[in-house]
Amino acid sequence: MPPYFSRMKNHLEITHKEALKLIPDFITGQLTLQETEMLMNHIDHCPDCKEELAINFLISAGLAGLERDGNINLQEELDQTLENARHKIRMHHFLHQTIIALEIVGIVALLAVAVWIIVRL
Ligand SMILES: [Zn+2]
């Protein structure tokens, strides 16, 4: 496989070390969308890092919760946070594909107009 394509395929794959480095910023909501996607992809097939993320999240959300009212469902908050992150990524891909589709439609429309003009000449 040419290097370009293998890079395309693997550009979202990160190591444990990289995933662990992203976790604190994920919890504080400071990751870029691409970093979030890389981390989500990694924890989808890496139970160790997923657990690490869960522990980090539960600790920080737990401390924040104690300051609030001390009575919150942390697991639910974690699931919600992960779901929100995945939703953002899905929306991003959806918008990206929509823009590409619109560009293709635009190009085809332009070509159709060009052909129409040429035929009328
Ligand atoms: Zn890992």
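All figures in this text were calculated on a predicted structure; none of them were measured in a lab. (Residues numbered from 1 in each chain as written. Predicted model: local features only at pLDDT ≥ 70, side-chain atom pairs only at ≥ 80, totals over all residues.)

*Asks:* Could you give me a rundown of the overall build of the chain, with the residues and numbers involved?
*Replies:* Looking only at helices and strands, one finds 5 helices and 0 strands in the chain. Listed by position from the N terminus, the elements making up the chain come as α-α-α-α-α. For the chain, the proportion of its 121 residues judged to be buried stands at 8%. Across the chain, contacts joining residues at least 24 apart in sequence account for 60% of those joining residues at least 6 apart. (Helix = DSSP H or I, 4+ residues; strand = E, 2+ residues; numbered from the N terminus. Buried ≥ 20, exposed ≤ 12 C-beta atoms within 10 Å, placed from the backbone. Contact = placed C-beta atoms within 7 Å.)

*Asks:* Now, about the nonpolar core: what can you tell me, with residues and values included?
*Replies:* Of all hydrophobic cores here, the largest spans 8 residues; its members are Ala 19, Leu 22, Phe 26, Leu 39, Met 40, Ile 43, Cys 49 and Leu 53. Setting aside residues no more than four positions away along its own chain, Leu 53 makes contact with Ile 23, Phe 26 and Ile 43. (Core = buried A, V, L, I, M, F, W, Y, C linked by C-beta atoms within 7 Å.)

*Asks:* An account of the packing of helix α2 (residues 16-27) against helix α3 (residues 33-44) is needed here, citing residue identities and associated values.
*Replies:* Interhelical geometry of α2 versus α3 gives an angle of 120 degrees and a closest axis separation of 10 Å. On the basis of the axis angle, α2 is oblique to α3. Crossing geometry of α2 relative to α3 is assigned as left-handed. On α3, the residues touching Ala 19, Leu 22 and Phe 26 of α2 are Glu 35, Thr 36, Leu 39 and His 42. Class assignment of the residues belonging to the contact of α2 with α3 gives a composition of 4 nonpolar, 2 polar and 1 charged. (Axes fitted to C-alpha atoms, helices over the stretch in contact; angles between N-to-C directions. Parallel < 35°, antiparallel > 145°, perpendicular 65-115°, else oblique. Left-handed = near helix turned anticlockwise from the far one by under 90°. Nonpolar A, V, L, I, M, F, W, Y, C, P; charged D, E, K, R; others polar.)

*Asks:* An account of α2 is needed here, citing residue identities and associated values.
*Replies:* An α-helix turns once per 3.6 residues; consequently, residues spaced three or four apart project the same way. The end-to-end C-alpha separation of α2 is 17 Å, in line with the 16 Å expected for 12 residues at 1.5 Å each. Looking only at α2, the buried set comprises Ala 19, Leu 22 and Phe 26. An end-on view of α2 places all buried positions within 70 degrees of arc, on one side of the element. One or two steps after α2, the chain reaches Gly 29, where phi turns positive at roughly 70 degrees. (Expected span 1.5 Å × (residues − 1). Arc of directions from axis to C-beta.)

*Asks:* Let's hear about the environment of Asn 56: which residues, and what values?
*Replies:* The residue Asn 56 is located in helix α4 (residues 47-68) in this model. For the pair Asn 56 and Ile 27, spaced 29 residues apart in sequence, the C-alpha to C-alpha distance is 7.6 Å. What Asn 56 contacts, discounting residues up to four positions off in sequence, is Ile 23, Pro 24 and Ile 27.

*Asks:* Which residues make up α3, and what values go with them?
*Replies:* Taking 1.5 Å of rise per residue, 12 residues should cover 16 Å, and α3 covers 16 Å from first to last C-alpha, within 8% of that figure. Those residues of α3 not exposed but buried are Thr 36, Leu 39, Met 40, His 42 and Ile 43. Down the axis of α3, the sector holding all buried residues measures 165 degrees, keeping them to one side. Exposed and facing more than 90 degrees away from the buried side of α3 are Gln 34 and Asp 44.

*Asks:* Can you break down the packing of α3 against helix α5 (residues 74-120) residue by residue, with the values?
*Replies:* For the pair α3 and α5, interaxial distance at closest approach is 10 Å and the crossing angle is 120 degrees. Relative to α5, α3 is oriented so that their crossing is left-handed. Residues Leu 33, Thr 36, Glu 37 and Met 40 of α3 lie in contact with α5, whose contacting residues are Ala 85, Arg 86, Lys 88, Ile 89 and His 92. Looking at the contact of α3 with α5 residue by residue, the class counts come to 4 nonpolar, 2 polar and 3 charged.

By themselves, these observations are geometric and do not establish any function.
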